[in-house]
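# Descriptive structure summary
One-letter residues, chain by chain:
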2 protein chains.
Amino acid sequence: MVTIADVAEAANVSISTVSYAMSGKRKISRETQERIARAIAELGYRPHASARALASRSTSIIGLQAPLRPGVDVHVVMEVVTGVATGARGHGYDILLLTSDDSTGLERAASGSMVDALVVMDVESDDQRLGFLGSLDRPCVLVGLPADPGGLACVDFDFEAAGRLAVEHFAEQGHRRVALLGSPQEVLARHTSYADRLTRGFTEAAAEAGVEVSVHPCPSTPDASEVVDDVFAAHPDVTAMLIHNEEALPHLLARLSERGQRVPDEVAVLALCPPNVARTLRIPVDTIDIPAEEIGIAAADVVWEMISEGAPPSIRLIPPTLTARSAAPGA
Amino acid sequence: MVTIADVAEAANVSISTVSYAMSGKRKISRETQERIARAIAELGYRPHASARALASRSTSIIGLQAPLRPGVDVHVVMEVVTGVATGARGHGYDILLLTSDDSTGLERAASGSMVDALVVMDVESDDQRLGFLGSLDRPCVLVGLPADPGGLACVDFDFEAAGRLAVEHFAEQGHRRVALLGSPQEVLARHTSYADRLTRGFTEAAAEAGVEVSVHPCPSTPDASEVVDDVFAAHPDVTAMLIHNEEALPHLLARLSERGQRVPDEVAVLALCPPNVARTLRIPVDTIDIPAEEIGIAAADVVWEMISEGAPPSIRLIPPTLTARSAAPGA
DNA sequence: GTGAAAGCGCTAACAT
DNA sequence: ATGTTAGCGCTTTCAC
């Protein structure tokens, strides 16, 4: 294995000069700089990550907890993960992936000094991990927004605003009764942060706009079709729906079509999903895009600011925007 | 920060005794063992991962390259990743996630001694990374099977056998012309290992069984529907299809239904996908399951064998099995 | 059954 | 502008 000492010898300089030449923390003459660069290239030298981490007390690794819990949107998770990895790389960081959904992995990574910071996904409104995370000395960013962030940094799409936006959009179009077909029961049951916030924005905006609403969990299976029937059985006057369930989406649209309810003329539909997912639908539907990768990148950016500038924990919510995709305008 | 020296002091033993007590590489008296355990618990000691790695020359981290390339099945990728992480954890390893699709991340991780081994996904038949991977001193496992593995370990589902199984199954049922509706063009164009192998097994078995076949790339969008029309335009006598494209699957089935071709009575369908995905279909379809998580676990197992026992690079292909899900049997 | 001490390869004072 | 050196926190020879 080639060490920094080998490079120093080959370049006829001291070890520290090589170190400083690499970090740029000291001014090195043009000439020595080049001799060192040549030595590094010729020897194929790679600094030993652990040695560097031990001496510098920083690993250039960010821990990312991305548990694949039942009912989550795989596309969204995957894109957020990709975003975090991409963003982190842009700042010179790598990702240690933690897939268990408890605190053990976080504990191992943080307390074992494996990572410089943590990014935590699938946050619940009253998340069990918050206490532990708050007690850490390392920066920590939640992808989500718990009821009480307790001084932790939070990054997410603004699901509450998205709920409001949908209702206001429908209200403007003259709809008087709107339904939210959302996440699977299991996701709602554990009070996943995004689901809670979407529901809140949706119902609050409805109260303000004088629009009648109902909220319906949707399984991510063909059984979702039945929810459509349930909606109209309970509220025959529903004329618009906000759908937030990537996997159920095609089944819901198919069921509407089977019932002879044309989208968007008879039933206005707004899908809350990543643009990629919207493009895989047979029927073009207006959407509120979930910018999943952007969320991940933003999380990495916040981590970076906290690490490099000691920035205080901030809360960053990406505002929703509506994208028209359907042919005809709603009723 | 609590160090091993603190523990040693608290337990009234030497540093090395603490180290040996933790690793179990030396016999420690019952009494000292307990004193040390108590000190560790009381102080909340966590060994410093980098210090340990530097001294032991092993990080207990496995690098996992999981690029999210266009056209790949997100569910499958995610499940394999979960499997690798789960399997690795079972052996005391964590995962460093690399999402770029070139060799730079692999290089950084391996040459920088960040990882003890590598697992590489999305392997192509003539993969560019093979040369570099073969030159490494660390164990490396491919998830996939290139044309020439060149001494590297390979783990995957046996897509070739799956192609054969499908054809033989259809032939047994009396079908004389079968179509393979597969991965998107982009996946085939880069000769992704699994797509190549599936096609080979499919066409070879067909030649042997005297069954006529055709192979059709499928976009992962609603446009996939057109492929169904193309298939029957080119070969009106097609009575069975093997579908290997998770995202296209619903659109293909829907198009068949629109054309009035009943599944499985008029057109026998075999879907090649994870069981989870099959369960999200509106029409139950017979499947050949892709045991995605199992593949990941197997990859982690092979890595473990190579690391711990110095096992030679092996090739492990998980055989396909057919699962009946549709109501009626085929023609 | 236990200690002492020499590294592991690097960073960052403290030198000049 | 460059060199010397004391650690970083652990593992693992030696030594008893």
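About the criteria used
Residues numbered from 1 in each chain as written. Chains lettered and ligands numbered in written order. Predicted model: local features only at pLDDT ≥ 70, side-chain atom pairs only at ≥ 80, totals over all residues. Heavy atoms only, no water. Near = heavy atom within 4 Å. Polar contact = N/O pair within 3.5 Å; in protein donor to acceptor, adjacent residues only side chain to side chain. Helix = DSSP H or I, 4+ residues; strand = E, 2+ residues; numbered from the N terminus. Nonpolar A, V, L, I, M, F, W, Y, C, P; charged D, E, K, R; others polar. Contact = heavy atoms within 4.5 Å. Buried area = accessible area lost by both parts, 1.4 Å probe. Salt bridge = Lys/Arg side-chain N within 4 Å of Asp/Glu carboxyl O. Disulfide = S-S within 2.5 Å. Least-squares fit on C-alpha atoms with pLDDT ≥ 70 in both. UniProt positions renumbered as here; feature names shortened; annotations may be inferred. Pairing = 2+ DSSP bridges. Axes fitted to C-alpha atoms, helices over the stretch in contact; angles between N-to-C directions. Buried < 20%, exposed > 50% of the residue type's maximum accessible area, 1.4 Å probe, protein only. Arc of directions from axis to C-beta. Parallel < 35°, antiparallel > 145°, perpendicular 65-115°, else oblique. Left-handed = near helix turned anticlockwise from the far one by under 90°.

The name an unreviewed UniProt entry gives chain A is LacI family transcriptional regulator, with Tessaracoccus rhinocerotis as the organism.

What follows covers the protein's contact with DNA strand C. Taken together, 30 residues sit near DNA strand C, with I4 and Y45 of chain A together with R26, T32 and R57 of chain B positioned nearest. When the atoms of DNA strand C within 4 Å of the protein are sorted by group, sugar and phosphate make up 61%. Between DNA strand C and the protein, one listed contact pairs a phosphate oxygen with a side-chain N or O atom of T32 of chain B at 2.6 Å. One of the backbone nitrogen or oxygen atoms of A55 of chain B is found 3.4 Å away from a base oxygen of DNA strand C. Secondary-structure elements contributing two or more residues to the surface near DNA strand C are α2 (15–23) and α4 (49–56) of chain A together with α2 (15–23) and α4 (49–56) of chain B. In terms of residue class, the surface near DNA strand C is made up of 12 nonpolar, 11 polar and seven charged.

Residue and element names in this part refer to chain A. Residue P264 is reached from V263 by a cis peptide bond, and omega for that bond is 5°. Inspection of the secondary structure puts P264 in the loop between α12 (249–258) and β9 (268–273). The phi torsion at R57 lies on the positive side, around 60°, for a residue other than glycine. Locating R57 in the fold gives a position in the loop between α4 and β1 (61–65).

Take the protein's contact with DNA strand D next. As a structural note, the neighbourhood of DNA strand D is formed by 30 residues, with S14 and R26 of chain A together with I4, Y20 and Y45 of chain B the closest of them. Sugar and phosphate atoms represent 56% of those atoms of DNA strand D found within 4 Å of the protein. One of the side-chain nitrogen or oxygen atoms of K25 of chain B is found 3.0 Å away from a phosphate oxygen of DNA strand D. Between a base nitrogen of DNA strand D and a side-chain N or O atom of R26 of chain B, the distance comes to 3.1 Å.

What follows is about the interface of chain B and chain A. Where interface size is quoted, it is often the accessible area lost as the parts come together. In this assembly, 44 residues from chain B lie in contact with 45 residues from chain A. With both chains or domains summed, chain B and chain A bury close to 4000 Å², and 63% of this area falls on carbon and sulfur atoms. Here chain B and chain A share six salt bridges between them. Close ionic contact of R46 of chain A with E107 of chain B constitutes a salt bridge, the shortest N to O distance being 3.1 Å. Elements that contribute at least two residues to the side of chain B that touches chain A include exactly α4, α5 (74–90), β2 (94–98), α6 (104–111) and α12 (249–258) of chain B.

Across all of its chains, the model carries zero disulfides over all chains by this definition. In this model C154 of chain A remains outside any disulfide bridge; the closest cysteine sulfur is found in C140 of chain A, 8.9 Å from its own.

It takes a turn of 180° to lay chain B on chain A, together with a shift of 0.1 Å along the axis; the resulting RMSD is 0.1 Å. The operation mapping one copy onto its partner corresponds to a two-fold rotation axis. Both copies share a contact surface, since 100% of the interface residues of chain B are interface residues in chain A too.

With that out of the way, let us pick up the UniProt feature "domain: HTH cro/C1-type" (unreviewed entry) in chain A. Taken from the UniProt record, the annotation "domain: HTH cro/C1-type" (unreviewed entry) applies to residues 3–46 of chain A. For the annotated span residues 3–46 of chain A, helix accounts for 70% and strand for 0% of the residues, and the straight-line distance between the end C-alpha atoms is 8 Å.

A few words now on the environment of S183 of chain A. Residues and elements named next belong to chain A. Along the chain, S183 turns up in the loop between β6 (177–181) and α9 (185–189). In this structure, the C-alpha to C-alpha distance between S183 and D73, residues 110 residues apart in sequence, is 9.1 Å. Beyond its immediate stretch of four places on either side in the chain, S183 contacts L188, Y194, A195, P217, C218, H244 and N245.

A few words on the sheet that holds strand β5 (residues 153–157) of chain B. Spatial strand order, β11(A)-β5(A)-β4(A)-β3(A)-β1(A)-β2(A)-β2(B)-β1(B)-β3(B)-β4(B)-β5(B)-β11(B): 12 strands in an open sheet with mixed pairing. The open sheet has two edge strands with one neighbour each: β11 (315–318) of chain A together with β11 (315–318) of chain B. Neighbour-to-neighbour, the strand axes of this sheet turn through a mean angle of 20°, independent of strand direction. With three bridges joining them, strand β3 (residues 117–120) of chain A and strand β4 (residues 140–143) of chain A adopt parallel strand pairing. Paired with V120 of chain A across the strands is L142 of chain A, a residue of β4 of chain A. The strands that helix α5 (residues 74–90) of chain A touches are β1, β2 (94–98), β3 and β4 of chain A together with β2 of chain B; relative to β2 of chain A, the one it contacts most, it runs at about 150°. Running over the sheet, helix α14 (residues 292–309) of chain B touches β1 (61–65), β3 (117–120), β4 (140–143), β5 and β11 of chain B and is turned about 160° from β5 of chain B.

With that settled, consider the UniProt feature "domain: HTH lacI-type" (unreviewed entry) in chain A. Look at the UniProt record and you will see "domain: HTH lacI-type" (unreviewed entry) annotated at residues 2–56 of chain A. Along residues 2–56 of chain A one finds 71% helix and 0% strand; the C-alpha atoms at either end are 20 Å apart.

Turning next to helix α11 (residues 224–234) of chain A. Each α-helix turn comprises 3.6 residues. Residues three or four places apart therefore point the same way. Residues and elements named next belong to chain A. Three or more residues of α11 are buried, namely A224, S225, V227, V228, V231 and F232. All buried residues of α11 lie within an arc of 155° about the axis, which places them on one face of the element. On its buried face, α11 sits against β6, β7 (212–216) and α12.

The next thing to look at is the packing of α4 of chain A against α4 of chain B. Closest axis-to-axis distance for the α4 of chain A/α4 of chain B pair is 8 Å, and the angle between their directions is 135°. On the basis of the axis angle, α4 of chain A is oblique to α4 of chain B. The hand of the α4 of chain A/α4 of chain B crossing is left-handed. Across from S50, A51, A53 and L54 of chain A in α4 of chain A, the residues of α4 of chain B making contact are S50, A51, A53 and L54 of chain B. Of the residues assigned to the contact of α4 of chain A with α4 of chain B, the class counts are six nonpolar, two polar and no charged.

This paragraph deals with the pattern of salt bridges. Summed over the entire model, instances satisfying the criterion amount to 42 salt bridges over all chains. Of the charged contacts in the structure, one is a salt bridge between R108 of chain A and D94 of chain B, with a shortest N-O distance of 2.2 Å. Of this pair, R108 of chain A sits in helix α6 (residues 104–111) while D94 of chain B sits in strand β2, each in a different chain. A residue is classified by how much of its surface remains accessible, and R108 of chain A, at 24% relative accessible area, is partly exposed. Given a relative accessible area of 6%, D94 of chain B falls into the buried group. Ionic contacts of the salt-bridge type, sharing partners, join the residues R69, D101, D122, E124 and R190 of chain A into one network.

Residue and element names in this part refer to chain B. Mapping C273 onto the fold places it in strand β9 (residues 268–273). With a relative accessible area of 0%, C273 lands in the buried category. Sequence-wise, C273 and D229 are 44 residues apart; in three dimensions their C-alpha atoms are separated by 22 Å. Dropping the residues within four chain positions of it, C273 is found in contact with L249, A278, T287, I288, D289 and I290.

What follows concerns the sheet that holds β9 of chain B. Residues and elements named next belong to chain B. Read from one edge of the open sheet, six strands run β7-β6-β8-β9-β10-β12, paired in mixed fashion. Of all the strands in the sheet, the pair left with one neighbour each is β7 (212–216) and β12 (322–323). Where strand β6 (residues 177–181) lies against β7, five bridges are found, and the strand directions are parallel. Each bridged residue has a counterpart across the sheet, and for A179 the counterpart in β7 is S214.

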